[in-house]
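Spelled out, the chains give:
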Amino acid sequence: SYITCAYLLTFIYLLFVASSSSFIRLLSFFFFFLMIRRPPRSTLSSSSAASDVYKRQYQRRVREKLRTPRWKYVTSALTGQYEQPPYPCAEPWKKLEDVSDVATAEKISEETYQACQAMMHDPKWSMLSYVDPDQADGGDIKLFSRPAIGLFHFIKGSFSIRDTTVQKCMSVMHADNLPERQKFSAEIVGYEKIGRVTPNIHLEFLTYWAPPPVAGRDFCFLVTRKEVDGSTWIYGTSVDYKQCPKTSAYVRSSSMWCWQLTQVGEHVLLQYYNCFNPRGWAPRFIISWLKSSVANELRAARAVVNGKAFTVEKTDLNDCGVSKEEIEAEIRNKDKEQIA
């Protein structure tokens, strides 16, 4: 359109210069004035309207780029736009068609174990300012974190359980039924073993409660147990398994977790690592909530293994220092993003 206007202006100018008639000059000046004058504000020209459309589209793209990292709002379809860790829990997940596909399951299992080793030796871990509430009774829980990779966050826990065995810890903390797991986890609301690949590899489906207004999460894990150099390892990673149940009330999340249990005399030393992407809408405070929830589970598991009474309670957002005003602000921002 700009090129066309330029040609027309040039033509009118030449006509104006070349013409000896005052009438032709006056007519040329009149058309020239009509072309250069600005359209009325109440009536946009087609080029002006198109310009406004492009401007709005550009502004919308800028807003999306700025607000998505800030609010951690992302859907599964957008995950590929972000940096991901070099672990099996990165998307798209490893696909397992059937429990009869032993070779694929063992390959995923080995990749997960190697990723656990890499995560364990990662030099970027830093200790959090967490004090074990049971410190006076010998409690030694320590929590660590490291910088996020894209939308994936990290948590590490280390502690010991006295006067017990690895087998006892395993029977409590990795029980095959929901009631036993709920003895130390208030957030778990569903557990099902959905397939066994080998005696040491199986698939399980878990659902977890989250504090409103955040939706609960569910996971489909390929889980392995193995003995390595005097330690028992149990670890799992999210997989794409077609027989994993589909739920509308929960958001399918991504995670890779690892446990190392080592018998030292009459005590058991435990190391826990987790790399997770909440997916879906995850306001800023939910990460702090997750870390507080992990700390509470470790305390409860230690007590249950030792046969001590422990009342498990859902971790409230107030316990994480999140005010009602902050929650309401996050909800308003979520609503604005959905409208935009």
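Keep in mind the model is a prediction, meaning the values are calculated, not measured.

**Student:** If you had to explain the overall build of the chain to someone new, which residues and values would you point to?
**Tutor:** Looking only at helices and strands, the chain has 8 helices and 13 strands in total. Counting only residues that meet the buried cut, the chain has 43% of its 340 residues in that class. Restricting to contacts in the chain with at least 6 residues of sequence separation, those with at least 24 account for 61%. Split by element, the accessible area of the chain, about 18900 Å² in all, is 56% carbon and sulfur.

**Student:** Explain the nonpolar core to me, using residue names and the numbers behind them.
**Tutor:** Counting 39 residues, the largest nonpolar core has F159, M173, W259, L261 and L270 as the members making the most contacts within it. Taken together, the elements giving at least two residues each to this core come down to β5 (153-161), α5 (166-173), β6 (188-198), β8 (216-228), β11 (254-264), β12 (267-277) and α7 (285-305). Among the elements that take part in this core, α7 stands out by supplying 11 residues, more than any other. If we skip the residues at most four places from it in the chain, W259 touches F159, M173, H174, T232, W233, I234, L270, Q271, Y272 and L298. Counting 19 residues, the second largest nonpolar core, distinct from the first, contains Y113, M119, W125 and Y235.

**Student:** Could you give me a rundown of the pattern of salt bridges, with the residues and numbers involved?
**Tutor:** One pass over the full model with this rule turns up 12 salt bridges. Its salt-bridge partner being E180, residue K183 comes within 3.1 Å of it at the nearest N-O pair. Assessed through its relative accessible area of 42%, K183 is described here as partly exposed. Taken together, the salt bridges that share partners define one network made up of D132, D134, R299 and R302.

**Student:** Pulling in residues and values, what's your account of the pairing of strand β7 (residues 201-208)?
**Tutor:** Burial runs high along β7: 7 of the 8 residues are buried. Of the pairings in the sheet, the one linking β7 to β8 comprises 8 bridges and is antiparallel in character. Bridge pairing links H202 to V223 in β8.

**Student:** Describe the confidence of the model for the chain, listing the residues and the values that go with them.
**Tutor:** Per-residue pLDDT for the chain has a mean of 80; in total, 68% of the residues score no lower than 70. Every residue in residues 41-47 is under pLDDT 50, and counting partners more than four places away or in other chains gives 3 contacts.

**Student:** Tell me about the state of the cysteines, and name the residues and values.
**Tutor:** Applying the stated criterion across every chain yields a total of 2 disulfides. Shown here is the disulfide that connects C116 with C258, its sulfur atoms set 2.0 Å apart. Negative torsions about the S-S bond denote left-handed disulfides, and the value of about -85° found for C116 with C258 makes this one left-handed. With C116 in helix α4 (residues 102-120) and C258 in strand β11, this residue pair connects regions lying 142 residues apart in the sequence.

**Student:** Help me get a handle on the packing of α5 against α7, residues and values and all.
**Tutor:** Direction vectors running N to C along α5 and α7 enclose 120°, while the axes themselves pass 10 Å from each other. Classified by the angle their axes make, α5 and α7 are oblique. Classified by chirality, the crossing of α7 by α5 is right-handed. From α5, K168, C169, V172 and M173 reach across to α7, where they touch A301, V304 and V305. Tallied by class, the residues present in the contact of α5 with α7 amount to 6 nonpolar, no polar and 1 charged.

Thresholds applied
The written sequence of each chain sets the order in which its residues are numbered from 1. With the structure being a predicted model, the display of local features is reserved for residues of pLDDT at least 70 and the display and counting of side-chain atom pairs for 80 or more, all residues being used for whole-chain, interface and lining totals. Each side-chain value is worked out from all heavy atoms of the structure, with water and hydrogens disregarded. Elements are defined by DSSP. Helices are runs of H or I of four residues or more, strands are runs of E of two residues or more, and each kind is numbered from the N terminus. Buried, partly exposed and exposed residues are distinguished by accessible area as a fraction of the type maximum, computed with a 1.4 Å probe on protein chains only: under 20%, between the cut-offs, and over 50%, respectively. Two residues qualify as a contact provided that any one of their heavy atoms is within 4.5 Å of a heavy atom in the partner residue. Note on areas: Shrake-Rupley, 1.4 Å probe, and residue coverage restricted to the protein chains presented here. Throughout, nonpolar core names a set of buried Ala, Val, Leu, Ile, Met, Phe, Trp, Tyr and Cys residues whose side chains join them through atoms within 4.5 Å. Only one rule defines a salt bridge in this text: a Lys or Arg side-chain nitrogen within 4 Å of an Asp or Glu carboxyl oxygen. Pairing between strands is defined by DSSP: at least two bridges between the two strands are required. Note on scores: pLDDT gives the predictor's confidence for each residue, bounded by 0 and 100. Any two cysteine sulfur atoms within 2.5 Å of one another count as a disulfide. Whenever a helix is involved, its axis is fitted only over the stretch in contact; in every case the axis is a line through C-alpha atoms, and angles between N-to-C directions fall within 0 to 180 degrees. An angle below 35 degrees is treated as roughly parallel, one above 145 as roughly antiparallel, one from 65 to 115 as roughly perpendicular, and anything else as oblique. We call a crossing left-handed when the near helix sits turned anticlockwise from the far one by less than a right angle, and right-handed when that turn is clockwise. Three classes are used: nonpolar for Ala, Val, Leu, Ile, Met, Phe, Trp, Tyr, Cys and Pro, charged for Asp, Glu, Lys and Arg, and polar for all others, with Gly counted as polar.

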